[in-house]
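If you want the building blocks of each chain, they are given just below.
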Amino acid sequence: MASLLLSVSGAMVSTSSFVQRPPATRTLLALPKVGLKAGRGRGRVTAMATYNVTLITPEGKKTIKCGDDEYILDAAEEGGIDLPYSCRAGACSSCAGKLVSGSVDQSNQSFLDDSQIDEGWVLTCIALPKSDLVIETNKEEDLSD
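Residues numbered from 1 in each chain as written. Predicted model: local features only at pLDDT ≥ 70, side-chain atom pairs only at ≥ 80, totals over all residues. Heavy atoms only, no water.

Colleague: What exactly am I supposed to notice about the overall build of the chain here?
Modeller: Along the backbone of the chain there are 3 helices and 10 strands. Starting at the N terminus and ending at the C terminus, the chain contains elements arranged as β-β-β-β-β-α-β-β-α-β-β-β-α. Out of the 145 residues belonging to the chain, those deemed buried represent 33%. Partitioning the contacts of the chain with sequence separation of at least 6, the portion at a separation of at least 24 is 47%. For the chain, the accessible surface area stands at approximately 9,500 Å², while carbon and sulfur atoms represent 51% of it. (Helix = DSSP H or I, 4+ residues; strand = E, 2+ residues; numbered from the N terminus. Buried < 20%, exposed > 50% of the residue type's maximum accessible area, 1.4 Å probe, protein only. Contact = heavy atoms within 4.5 Å. Areas by Shrake-Rupley, 256 points an atom, 1.4 Å probe, with all protein chains shown as cover.)

Colleague: What's the story with unusual backbone geometry in this structure? I'm lost.
Modeller: In most cases, non-glycine residues show a negative phi, while peptide bonds are predominantly trans. The phi dihedral of Arg 88 falls on the positive side, at around 60°, and the residue is not glycine. Take Arg 88: it is sitting in the loop between α1 (72–78) and β6 (96–101). A residue is classified by how much of its surface remains accessible, and Arg 88, at 33% relative accessible area, is partly exposed. The phi dihedral of Asn 138 is positive, around 55°, even though this residue is not glycine. Relative to the elements of secondary structure, Asn 138 occurs in the loop between β10 (133–136) and α3 (140–143). Given the relative accessible area of 37%, Asn 138 is considered partly exposed.

The following block contains the structure:
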């Protein structure tokens, strides 16, 4: 590799130590399940995961995209899906669903006990997806059985 000397404001710079790399062929669009969101602060951008959430409603199966920082109920509403809810704080059972597969973070809820969570009950108003998942919705009556 040939060496090149440059003069920048009186300083000598050698390019012999620069390594030429092939251009990257992957784009952000090619990366699976990654999105970008504005961060807090000046010019910050942070990565976020996006998951496929399949909702089994009385009207049939519907799949939406949901960020890892977005409540499932909110993402469903943005996707045009009406789900039952009342408090939006994880303090009642109006939005209860049953997790068929996948995982959620619903640590902010205060209604379900540990055994109900272990059985797969989920409150969509306060649940954040942690993987692709499937939830049976409109299950409030089944929860109280």
